[in-house]
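Listed below are the residues making up each chain.
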Amino acid sequence: MSFLDVLKELVDGVDGGVAATIMGMDGIAVEQYIKAGGCDVETVGVEYGKVIEEIKNASTLLNLGTVQEFMVATASSDLLLRMSTPEYYIAFVLGHNSNIGKARYLVRRAAEKAAADLI
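Everything numeric in this text was worked out from a predicted model, so none of it was measured.

Novice: An account of the overall build of the protein chain is needed here, citing residue identities and associated values.
Specialist: Regarding its fold elements, the protein chain presents 3 helices and 5 strands. Secondary structure of the protein chain in N-to-C order comes out as α-β-β-α-β-β-β-α. In terms of overall dimensions, the protein chain is globule-like: its C-alpha atoms have a radius of gyration of 13 Å, near the 14 Å expected for 119 residues. Overall size of the protein chain, expressed as C-alpha extent along the three principal axes, is 40 × 35 × 25 Å.

Structure (structure tokens):
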């Protein structure tokens with residue numbers, strides 16, 4: 001399954017799914033999928049990638065283990081970021097009132113599928 005297929009399945013699998021990208025920690029997008037009228041998910045991924053580094057550092061400092069996933073809720077949308085490998089993550093943008101539980105499950109599956117080809 002291609003990266004585009006993985007992202008399309010993720011975004012289309014959740015009502016309210018807007019866009020998703022597979023992004024390297026270096027800020028370079030591997031692939032992205034945006035529904036019509038979606039947002040600039042690549043910029044979202046780059047900007048929140050900086051936050052991932054800070055969260056990783058805090059988690060290490062507090063001996064909490066490796067960061068796997070985090071969520072950001074904003075006034076206009078929700079964002080799930082899930083590590084696929086230590087060097088790559090998926091950023092998934094959803095509209096409000098989306099099924100976050102289903103989105104978390106699908107982003108975890110997508111990260112596992114992508115990891116096989118990212119190693």
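Novice: With reference to specific residues and values, describe helix α1 (residues 3-12).
Specialist: The set of residues buried in α1 consists of V6, L7, L10 and V11. Across the axial projection of α1, the buried residues extend over an arc of 120°, all falling on one side. Those residues of α1 that are buried lie in contact with β1 (17-24), β2 (29-34), β5 (88-95) and α3 (100-118).

Novice: Quick one: what's the story with the pairing of β2, residue by residue and with numbers?
Specialist: Consecutive side chains of a regular strand alternate in pointing toward one face of the sheet and then the other. Summarising the sheet, β1 and β2 pair through 5 bridges and their orientation is antiparallel. Counterpart to A19 in the pairing with β2 is I34. Linking β1 to β2, which pair antiparallel, is a turn of 4 residues; within it G27 sits at a positive phi near 90°.

Novice: Before we move on, can you summarise the environment of G13 with the specific residues and values?
Specialist: Here G13 is to be found in the loop between α1 and β1. You can call G13 partly exposed: its relative accessible area is 23%. Ignoring anything within four residues of it in the chain, the contact list for G13 reads K8, K102 and L106.

Novice: I'd love a proper account of the sheet that holds β2, names of residues and values included.
Specialist: With respect to topology, 5 strands assemble into an open sheet ordered β2-β1-β5-β4-β3, the strand pairing being antiparallel. Looking at which strands have only one partner, the edges of the open sheet turn out to be β2 and β3 (69-73). The average undirected angle you get between the axes of adjacent strands in this sheet is 15°. Each of β1, β2 and β5 is contacted by α1, which is oriented at about 40° to β2, the strand it contacts most. On the sheet, helix α2 (residues 41-61) packs against β1, β2, β3, β4 (77-85) and β5 and is oriented at approximately 120° with respect to β5.

Novice: Could you give me a rundown of the packing of α1 against α3, with the residues and numbers involved?
Specialist: Look at α1 against α3: their axes get within 9 Å of each other, and the N-to-C directions meet at 175°. As the angle between them shows, α1 and α3 are arranged roughly antiparallel. On α3, the residues touching F3, V6, E9 and L10 of α1 are A103, L106, V107, R109, A110, K113, A114, D117 and L118. Across the contact of α1 with α3, the residue classes break down as 9 nonpolar, no polar and 4 charged.

Novice: Give me the lowdown on the pattern of salt bridges, citing residues and values where you can.
Specialist: Inspection of the entire model under this criterion finds 6 salt bridges. Its salt-bridge partner being R109, residue E9 comes within 3.5 Å of it at the nearest N-O pair. Here E9, found in helix α1, pairs with R109, found in helix α3; they are 100 residues apart in sequence, far enough to count as distant. Classification of R109 by relative accessible area gives partly exposed; the value is 28%.

About the criteria used
- Residues numbered from 1 in each chain as written.
- Predicted model: local features only at pLDDT ≥ 70, side-chain atom pairs only at ≥ 80, totals over all residues.
- Heavy atoms only, no water.
- Helix = DSSP H or I, 4+ residues; strand = E, 2+ residues; numbered from the N terminus.
- Rg over C-alpha atoms; globule rule 2.2 N^0.38 Å.
- Buried < 20%, exposed > 50% of the residue type's maximum accessible area, 1.4 Å probe, protein only.
- Arc of directions from axis to C-beta.
- Contact = heavy atoms within 4.5 Å.
- Pairing = 2+ DSSP bridges.
- Axes fitted to C-alpha atoms, helices over the stretch in contact; angles between N-to-C directions.
- Parallel < 35°, antiparallel > 145°, perpendicular 65-115°, else oblique.
- Nonpolar A, V, L, I, M, F, W, Y, C, P; charged D, E, K, R; others polar.
- Salt bridge = Lys/Arg side-chain N within 4 Å of Asp/Glu carboxyl O.

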